[in-house]
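Structure at a glance
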Amino acid sequence: MSYIPFPSISPEIFAIEVGGITFALRWYALAYIVGLIVGWRLALAAVTRPALWHGPAPMTADQVERLLTWVIGGVILGGRIGYVLFYQPAFFLENPSSILRVWEGGMSFHGGFLGVVVAGVVFCWRERIPMLKAADVMAMATPTGLFLGRIANFINAELWGRQTDAPWGVAFPGEAAQTCAGITGICARHPSQLYEAAMEGVLLGTVLLYLVWRRGWLKTPGRITGLFLAGYGAARFVVEFVRQPDAQFVSIGNPLGLAFHIGGYGLTMGQALSLPMIAIGVVLLLRSRVA
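Residues numbered from 1 in each chain as written. Predicted model: local features only at pLDDT ≥ 70, side-chain atom pairs only at ≥ 80, totals over all residues. Heavy atoms only, no water.

Moving on to the overall build of the chain. The helix and strand inventory of the chain stands at nine helices and six strands. For the chain, the C-alpha radius of gyration of 20 Å lies close to 19 Å, the compact-globule estimate for 291 residues. Taking the principal axes of its C-alpha atoms as reference, the chain extends roughly 65 × 55 × 40 Å. Within the chain, contacts between residues separated by at least 24 positions form 69% of all contacts whose residues are at least 6 apart in sequence. When the accessible surface of the chain is totalled, it reaches about 15,500 Å², and 68% of it is carbon and sulfur. Of note, the chain has its 20 positive side-chain charges centred 14 Å away from the centre of its 15 negative side-chain charges. (Helix = DSSP H or I, 4+ residues; strand = E, 2+ residues; numbered from the N terminus. Rg over C-alpha atoms; globule rule 2.2 N^0.38 Å. Contact = heavy atoms within 4.5 Å. Areas by Shrake-Rupley, 256 points an atom, 1.4 Å probe, with all protein chains shown as cover. Lys, Arg positive; Asp, Glu negative; His and termini not counted. Charge placed at Lys NZ, Arg CZ, Asp CG, Glu CD.)

Right, dumping it as structure tokens:
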């Protein structure tokens, strides 16, 4: 069976030791930092170009900078709380102190998304900013961070896909990745992180930027947000078919790791959480066509 060996890339970019304490910069942290900076610059570029809007831009440059602080808090808190509630509630109920150990991993995109929504709603209410217009700015600025985050997932050799005999299958390191039913020797898996990086980051991001800068979609509030929600939800729903589910959902009677199922047919947790995004996105798109 042909496969692609996992590249020898350390999850840490560099590490230094000061007073017996090791400080390290990891690719995942860098992805968050760069994604937020690029998103901030895209948002600034949009609100400082009046021609992109029907009427005045919804925010000033200063408000965009303040919104960034709220978004960072929403991503971190929402991502962690979402992971705790959606994926391992029983474990964290028994080990509540582990909830704060974010450096050990465990962040949920859907939780982070909800955290950003809550942070954005509160910020817009406080600053009297039109919420749909602000949402359009954030939606346009998000795919870069999604792309970088999925690349970091790949470098970390985490969130890999189901086993495959496709020639582009990757032999991820680690006992968990190399434990595959019915396979003796090297087990290749779908590089589902790269599928998501391409679909949620490159493809969706390119389409959104084109529609903003060339087709004037920011002039109709909610349109860009709707496409982002529907686009991300659909991409995640499709990739879930080849993405390995979290171990707590897999059992002898449920080898596919479906979170909700009847008679072996159902949805993974990622698919279940993506359906509301798709529905809300479609509603916003349809509403924008009528407006």
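This part is about the nonpolar core. With 37 residues, the main nonpolar core has Trp53, Met59, Leu218, Ile224 and Phe228 as its most contacted residues. Where this core is concerned, the elements lending two or more residues are α1 (27-47), α2 (61-86), α4 (109-127), α5 (131-141), α7 (192-213), α8 (223-239) and α9 (269-290). Sort the elements by how many residues they give to this core and α5 lands first, with six residues. Not counting chain neighbours up to four residues away, the residues in contact with phenylalanine 228 comprise Phe113, Ala139, Thr142, Pro143, Leu146, Leu204 and Leu208. (Core = buried A, V, L, I, M, F, W, Y, C linked by side-chain atoms within 4.5 Å. Buried < 20%, exposed > 50% of the residue type's maximum accessible area, 1.4 Å probe, protein only.)

What follows deals with the state of the cysteines. For the structure shown, the criterion picks out one disulfide. Bridging cysteine 180 to cysteine 187, the disulfide has an S-S length of 1.8 Å. Linking cysteine 180 and cysteine 187, the disulfide has an S-S dihedral of approximately -75° and is accordingly described as left-handed. Take cysteine 180 and cysteine 187: they sit in the same class, and that class is buried. (Disulfide = S-S within 2.5 Å.)

The subject of this paragraph is the packing of α5 against α8. Between α5 and α8, the shortest axis-to-axis distance is 7 Å and the interhelical angle comes to 45°. Taken together, the axes of α5 and α8 are oblique relative to one another. Seen from above, α5 lies across α8 with left-handed handedness. Here α5 contributes Leu132, Ala135, Asp136, Ala139 and Met140 to the contact with α8, which in turn contributes Arg223, Ile224, Thr225 and Phe228. Split by residue class, the contact of α5 with α8 holds six nonpolar, one polar and two charged. (Axes fitted to C-alpha atoms, helices over the stretch in contact; angles between N-to-C directions. Parallel < 35°, antiparallel > 145°, perpendicular 65-115°, else oblique. Left-handed = near helix turned anticlockwise from the far one by under 90°. Nonpolar A, V, L, I, M, F, W, Y, C, P; charged D, E, K, R; others polar.)

Within the structure shown, the criterion is met by seven aromatic pairs. Note on tyrosine 28 and tyrosine 32: the rings are 5.2 Å apart at their centroids and 65° apart in plane angle, and the pair reads as edge-to-face. Within this pair, tyrosine 28 and its partner tyrosine 32 are both found in helix α1, separated by four residues, close to a single helical turn. Judged by its relative accessible area of 24%, tyrosine 28 falls in the partly exposed class. With a relative accessible area of 28%, tyrosine 32 lands in the partly exposed category. With a centroid separation of 6.4 Å and an interplanar angle of 25°, the aromatic rings of phenylalanine 228 and tyrosine 232 are classed as stacked. With phenylalanine 228 and tyrosine 232 both in helix α8, this residue pair falls four residues apart, about one helical turn. On the accessibility criterion, phenylalanine 228 (4% relative accessible area) is buried. Judged by relative accessible area, tyrosine 232 falls into the buried class, the value being 0%. Here a set of aromatic residues connected by ring pairs shows up, and it is made of Phe6, Phe154 and Phe172. One residue, arginine 223, lies across the ring of tryptophan 217, its end atom 4.2 Å from the ring centre. (Phe/Tyr/Trp six-rings, centres within 6.5 Å; stacked < 30°, edge-to-face > 60°. Lys NZ or Arg CZ within 6 Å of the ring centre and 35° of its normal.)

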